[in-house]
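Residues per chain, in single letters:
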Amino acid sequence: MISQNRLASADIYRGFVMLLMMAEVLHFGDVSKALPNSSFWAFLGHHQDHVEWVGCALHDLIQPSFSFLVGVVLPYSVANRLSKGGYFNQALWHTIKRSIILIALGIFLRSQYKTQTYFTFEDTLSQIGLGYTVLFLLAFRSQKVQIIALITILIGYWLAFALYQLPDANFNYTDAGITKDWEYNLSGFAAHWNKNTNLAWAFDRWFLNLFPREKPFLFNGGGYATLSFIPTLGTMILGLLAGNIFLSSSSSQEKLKRFLILGISGIILGLVLDALGVCPNVKRIWTPTWVVFSGGWCFLLLAFFYWVIDMKQSTDAYFLKVIGMNSIAAYCIADGLGIYISKSLKIHLGENYASILGDSYQTLIHGGLMLLIYWLILNWLYKKKIFIRI
């Protein structure tokens, strides 16, 4: 059921996404390595990890979905705040504070177990925070302006990478953390989006070294970059457009149809742009093609949850609802308490307690118990009506 204050399908979709993130503790990849002849575990292992560079696995859709949903619910949040007598300036100030808190929280989580504050901005929360205020301002503009902003971001970001100079013969690949013949390197025009030789990497070599560090920043091992917040804003704008559809006077069937058309179109367009070599489909640096392609999947997933939860009025999603309605808490529990919970289980149950089904399934048993504890904490918070809001 859709209310003016809460969009049920968005909560369940968010719960599904956060479950995928928390379920990393199951370590399907480790089970797959222990059972190399099992195609079942190989499939699960593949989709519980990020692809090396070009392409997409299920795990790669977590961050775009989380970002997309920020845009989906923003029109509801704005309408709710203004309906309670709030003013634009008050809402804007709240948004700026929220942006700062999200950025700081991302840095805090990445700084755990470091010897000093680890200034980095590629964390999901930091990426959302960096673009959130702009998204808020766009929420007060017409849909035409929102679409123009989206197109400007995609074309401008594509052009910036395309114009950045490719490595010359004297380029030091070691300082970039890769090799010249890395198997996932792209050739030709697409090389402008190669790992740690692109515009975003060069920006971070300057920007991140403006902050106190244990040692100079040279590269991010995964290829992630601060500037990805710009195309991530594009993903959030797609969510904003979806939120506009929700608030429109169209029928439920028409809304579902629009989500399906936008979803299928986004996936096809992304695949075409990648195949033609116009722009590769790379999540790690959030290429414009990735915005379009992953956005297509986000629309399809939103359509599915909208159909099941809001249109069919399903009441069987309590497990996901508990997670989705406290997503910031879920994120912090998984990212901040995971190591503590893991160590505590081994202290109290013994180092080898998870071998009950054999060594191959140790990580699965241990991770499954961790995941259960995560959910029980969130369930307790839900029943106590304790929701972490920023």
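Structure: above.
Residues numbered from 1 in each chain as written. Predicted model: local features only at pLDDT ≥ 70, side-chain atom pairs only at ≥ 80, totals over all residues. Heavy atoms only, no water.

Enquirer: Quick rundown of the packing of aromatic side chains? Include the residues and the values.
Expert: Applying the stated criterion across every chain, the model contains 36 aromatic pairs. When the ring of phenylalanine 121 is compared with that of phenylalanine 211, the centres are 5.5 Å apart and the planes differ by 50 degrees; the resulting orientation is tilted. Of this pair, phenylalanine 121 sits in the loop between helix H5 (88-110) and helix H6 (124-138) while phenylalanine 211 sits in the loop between helix H8 (199-207) and helix H9 (229-247), placing them 90 residues apart in sequence. Residue classification places phenylalanine 121 among the buried residues on the basis of a relative accessible area of 7%. Overall, phenylalanine 211 belongs to the partly exposed group, its relative accessible area being 23%. Both rings, one in phenylalanine 207 and one in phenylalanine 211, keep their centres 5.3 Å apart while their planes meet at 85 degrees; by these two values the pair is edge-to-face. Three or more aromatic residues link up through ring pairs in this structure, and these residues are Phe119, Phe121, Phe203, Trp206, Phe207 and Phe211. The aromatic ring of tyrosine 118 is capped on one face by lysine 114, whose charged end is 4.6 Å from the ring centroid. When the ring centre of tryptophan 182 is taken as reference, the NZ or CZ atom of lysine 195 above it lies at 5.0 Å. (Phe/Tyr/Trp six-rings, centres within 6.5 Å; stacked < 30°, edge-to-face > 60°. Helix = DSSP H or I, 4+ residues; strand = E, 2+ residues; numbered from the N terminus. Buried < 20%, exposed > 50% of the residue type's maximum accessible area, 1.4 Å probe, protein only. Lys NZ or Arg CZ within 6 Å of the ring centre and 35° of its normal.)

Enquirer: Tell me about unusual backbone geometry, residues and numbers included.
Expert: It is generally the case that most residues other than glycine have a negative phi and that most peptide bonds are trans. A positive phi angle is found at tyrosine 113, which is not glycine, with a value near 65 degrees. Take tyrosine 113: it is sitting in the loop between H5 and H6. We note that glutamine 313 has phi near 55 degrees; this positive angle belongs to a residue other than glycine. Summarising the element assignment, glutamine 313 is placed in the loop between helix H11 (288-311) and helix H12 (318-324). The partly exposed category is assigned to glutamine 313, whose relative accessible area is 43%.

Enquirer: Break down the layout of surface pockets for me, with residues and values.
Expert: In this structure, the largest pocket spans a volume of roughly 1000 Å³. Residue assignment for the lining of the largest pocket shows that the elements contributing at least two residues are helix H1 (8-22), helix H4 (62-83), H5, helix H13 (327-336), helix H14 (338-349) and helix H15 (362-383). Here the lining of the largest pocket gets 6 residues from one element, more than from any other, and that element is H15. Here the residues of the lining of the largest pocket sort into 16 nonpolar, 14 polar and 9 charged. (1 Å grid on protein atoms, 1.4 Å probe; cavity = no way out; pocket = protein on both sides within 12 Å on 5 of 7 lines; lining within 4 Å. Points joined across faces, edges and corners; volume = space filled by probe spheres on them. Nonpolar A, V, L, I, M, F, W, Y, C, P; charged D, E, K, R; others polar.)

Enquirer: Explain H13 to me, using residue names and the numbers behind them.
Expert: Because an α-helix completes one turn every 3.6 residues, residues spaced three or four positions apart along the sequence face the same direction. A large share of H13 lies buried, amounting to 8 of its 10 residues. All of the buried residues along H13 are Ser327, Ile328, Ala329, Ala330, Tyr331, Ile333, Ala334 and Gly336.

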